[in-house]
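These are the residues of each chain, in order.
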Amino acid sequence: MRKNVFTLAAVIAALFISLSCFAQTGKVNNFRIKRGTNISHWLSQSEQRGEARRLHIQEDDFDRLEDLGFDFVRIPIDEVQFWDEKGNKLPEAWDLLKNALDWSRKHNLRAIVDLHIIRSHYFNAVNEADQAANTLFTSEKSQEDLLNLWRQLSAFLKDRSCDWVAYEFMNEPVAPEHEQWNQLVAKVHKALRKLEPQRTLVVGSNMWQGHETMKYLKVPEGDKNIVLSFHYYNPMILTHYGAWWTPLGKYKGKVHYPGVLVSKEDFDAAPDEIKDQLKPYTEQYWDINKIREQFKDAIEAAKKYGLQLFCGEWGVYEPVDRELAYNWTRDMLTVFDEFNIAWTTWCYDADFGFWDQQRHTYKDRPLVELLMSGKPLEK
């Protein structure tokens with residue numbers, strides 16, 4: 001009889017522990033975000049190393065962002081900066097990430113660690129060599145390598161508060177089929193939930209995190225510590241005007257916003273090689289209602305799953321006419337506020353940014369004031 005009593009007590013205790021763990025796992029974090037910026041071209045998309053990389057971003061940058069009124073940052077990181085080709089850690093980059101997260105916390109900025117570019121997947125693969133290296137969706141080994149990157153990142157970051165640090169699986173997936181991305185999302189989610197049951201995870205849509213593909217994204221069910229992410233640079237003829245890396249960068253005519261973006265006269269004068277891409281901009285009227293319309297699928301997905309919606313990248317290339325840039329930015333902020341969409345601009349100090357890190361001054365102070373004119377994070 002005594003043995004049975006002991007066994008019953010043990011069962012009750014085990015059940016209590018199980019329920020406690022379930023309650024902890026099911027708890028919704030206080031990872032609350034509203035307006036932020038990308039600390040880009042530092043631990044990602046940069047050839048800087050050593051002293052130049054160390055000095056590129058310092059504590060005063062985080063202090064500045066706090067003073068301006070930002071409440072979080074997105075920190076893109078690349079595999080090539082954190083691991084060599086044999087998978088060995090490169091200590092300096094890890095130290096810089098630690099510093100960044102320490103400074104973020106000190107200056108009341110939540111942080112999203114974004115695995116931006118990995119060796120098996122580059123979102124802007126154009127030439128044959130880059131495309132051949134994009135094996136993530138065709139190779140089991142490449143997928144296991146991605147899981148291992150996150151296992152190591154988790155081991156390094158797991159002691160950070162779930163209220164202050166989140167993980168973004170991968171930037172701008174370009175899976176040929178949406179289901180390929182969905183299956184990989186499930187794998188990464190399962191692996192991370194074994195390690196960190198409660199961490200906030202940021203999951204983006206397929207094909208460059210497009211708003212139009214959010215409806216195809218399958219989100220792990222029952223997990224409320226997920227943030228849904230999309231990126232938005234439409235209309236590209238405006239946001240990327242003159243951008244050398246895009247075919248539309250060759251367009252030299254005028255752009256109008258709001259309104260029909262390209263006139264018939266400017267279209268006729270444009271290079272023949274870009275006319276196919278340019279033609280839609282002569283037919284569509286762009287204004288705040290167009291933005292609302294294009295956000296619809298992303299907004300509906302967030303409602304469906306009851307999750308925070310987050311625009312992780314948006315912005316205007318520096319050479320773009322500032323009046324046009326401000327008109328578009330003002331409309332974007334209005335829609336963000338209407339639908340409680342968190343955002344991080346692209347970016348802080350590079351060619352879409354507002355801060356000049358070399359001269360240590362603002363490149364575009366009116367843009368900052370406009371960004372801060374919207375709704376702040378509710379306390």
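Residues numbered from 1 in each chain as written. Predicted model: local features only at pLDDT ≥ 70, side-chain atom pairs only at ≥ 80, totals over all residues. Heavy atoms only, no water.

J.: Sorry if this is basic, but what is going on with the sheet that holds strand β4 (residues 165–168) here?
T.: Backbone hydrogen bonds hold the strands of a sheet together, and the pairing may be parallel or antiparallel. A barrel is described by the order of its strands in space; here eight strands give the closed sequence β1-β2-β3-β4-β5-β6-β9-β10, paired in parallel fashion. For this sheet, the mean angle separating the axes of adjacent strands, direction not counted, is 30°. One ladder, built from seven bridges, connects strand β2 (residues 72–78) with strand β3 (residues 110–117); its direction is parallel. In the strand pairing of β3, Val73 is matched with Ala111. The sheet contacts of helix α13 (residues 288–305) involve β6 (226–231), β9 (308–313) and β10 (341–345), and relative to β6 the element is tilted by about 175°. (Pairing = 2+ DSSP bridges. Helix = DSSP H or I, 4+ residues; strand = E, 2+ residues; numbered from the N terminus. Axes fitted to C-alpha atoms, helices over the stretch in contact; angles between N-to-C directions. Contact = heavy atoms within 4.5 Å.)

J.: Which parts of the structure should I look at to understand the packing of helix α5 (residues 91–106) against helix α7 (residues 140–157)?
T.: Packed helices, taken two at a time, are described by the angle their axes make and the gap between the axes. Relative orientation of the contacting elements α5 and α7 amounts to 50°, with a least axis distance of 12 Å. With respect to α7, the axis of α5 lies oblique. The interaxial crossing formed by α5 with α7 has right-handed handedness. Taking contact as the criterion, the partners of Trp94, Leu97, Lys98 and Leu101 in α5 are, on α7, Gln152, Leu153, Phe156 and Leu157. Grouping the constituent residues of the contact of α5 with α7 by class yields six nonpolar, one polar and one charged. (Parallel < 35°, antiparallel > 145°, perpendicular 65-115°, else oblique. Left-handed = near helix turned anticlockwise from the far one by under 90°. Nonpolar A, V, L, I, M, F, W, Y, C, P; charged D, E, K, R; others polar.)

J.: Just checking my understanding: could you explain the pairing of β6 for this structure?
T.: Consecutive side chains along a regular strand alternate between the two faces of the sheet. With six of six residues buried, β6 is to be regarded as a mostly interior element. Both strand β5 (residues 201–204) and β6 contribute to a ladder of four bridges, which runs parallel. Bridge assignment links Val202 to a residue of β6, and that residue is Val227. Two elements, β6 and β9, share five bridges in a ladder whose sense is parallel. (Buried < 20%, exposed > 50% of the residue type's maximum accessible area, 1.4 Å probe, protein only.)

J.: Explain the nonpolar core here, please?
T.: Looking at soluble globular proteins, one finds that nonpolar side chains tend to be buried together. Counting 107 residues, the largest nonpolar core has Leu228, Leu278, Phe295 and Phe354 as the members making the most contacts within it. Counting residues in hydrophobic clusters, the runner-up holds nine residues, among them Phe31, Ile33, Val202 and Val227. (Core = buried A, V, L, I, M, F, W, Y, C linked by side-chain atoms within 4.5 Å.)

J.: How should the environment of Asn327 be read in this particular structure?
T.: Along the chain, Asn327 turns up in helix α14 (residues 322–338). Residues Asn327 and His211 lie 116 residues apart in sequence; the distance between their C-alpha atoms is 21 Å. With near-sequence residues (within four places) excluded, Asn327 lies in contact with Tyr257 and Pro258.

J.: Teacher, can you tell me more about the side chain of Arg199 here?
T.: Relative to the assigned elements, Arg199 resides in the loop between α8 (178–195) and β5. Looking at Arg199, the relative accessible area reads 1%, which means it is buried. Polar side-chain contacts of Arg199 include one of 3.4 Å to the side chain of Tyr167. A polar contact is formed between the side chain of Arg199 and the side chain of Glu196, at a distance of 2.7 Å. (Polar contact = N/O pair within 3.5 Å; in protein donor to acceptor, adjacent residues only side chain to side chain.)

J.: Any chance you could explain the side chain of Gln198 here in plain terms?
T.: Relative to the helices and strands, Gln198 is located in the loop between α8 and β5. One polar contact links Gln198 to Asn29, side chain to side chain, over a distance of 2.5 Å.

J.: Just checking my understanding: could you explain the confidence of the model for the chain for this structure?
T.: Regions with low pLDDT should not have their predicted coordinates read in detail. Averaged over every residue, the pLDDT of the chain is 92; the share at 70 or more is 92%. Here residues 1–24 scores under 50 on pLDDT; set against residues more than four positions off or in separate chains, the count is one contact. (pLDDT = per-residue confidence, 0-100.)

J.: Help me understand the environment of Ala270 in this model?
T.: Mapped onto the fold, Ala270 is located in the loop between α11 (264–269) and α12 (275–278). Here the alpha-carbon distance between Ala270 and Ala302, two residues 32 residues apart in the chain, equals 40 Å. With near-sequence residues (within four places) excluded, Ala270 lies in contact with Tyr251, Lys275 and Leu278.

J.: Which parts of the structure should I look at to understand the environment of Glu179?
T.: Residue placement: Glu179 occurs in helix α8. By relative accessible area, Glu179 is classed as partly exposed at 34%. As a C-alpha pair, Glu179 and Leu55 span 124 residues in sequence and 42 Å in three-dimensional space.

J.: Please explain α5 as it appears in this structure.
T.: One full turn of an α-helix is made of 3.6 residues, so residues set three or four places apart face in the same direction. Spanning 16 residues, α5 covers 23 Å between terminal C-alpha atoms, matching the ideal 22 Å at 1.5 Å per step. By the burial criterion, the buried members of α5 are Ala93, Trp94, Leu96, Leu97, Ala100, Leu101, Trp103 and Ser104. Following α5 by one or two positions, Asn108 has its phi on the positive side, about 60°. (Expected span 1.5 Å × (residues − 1).)

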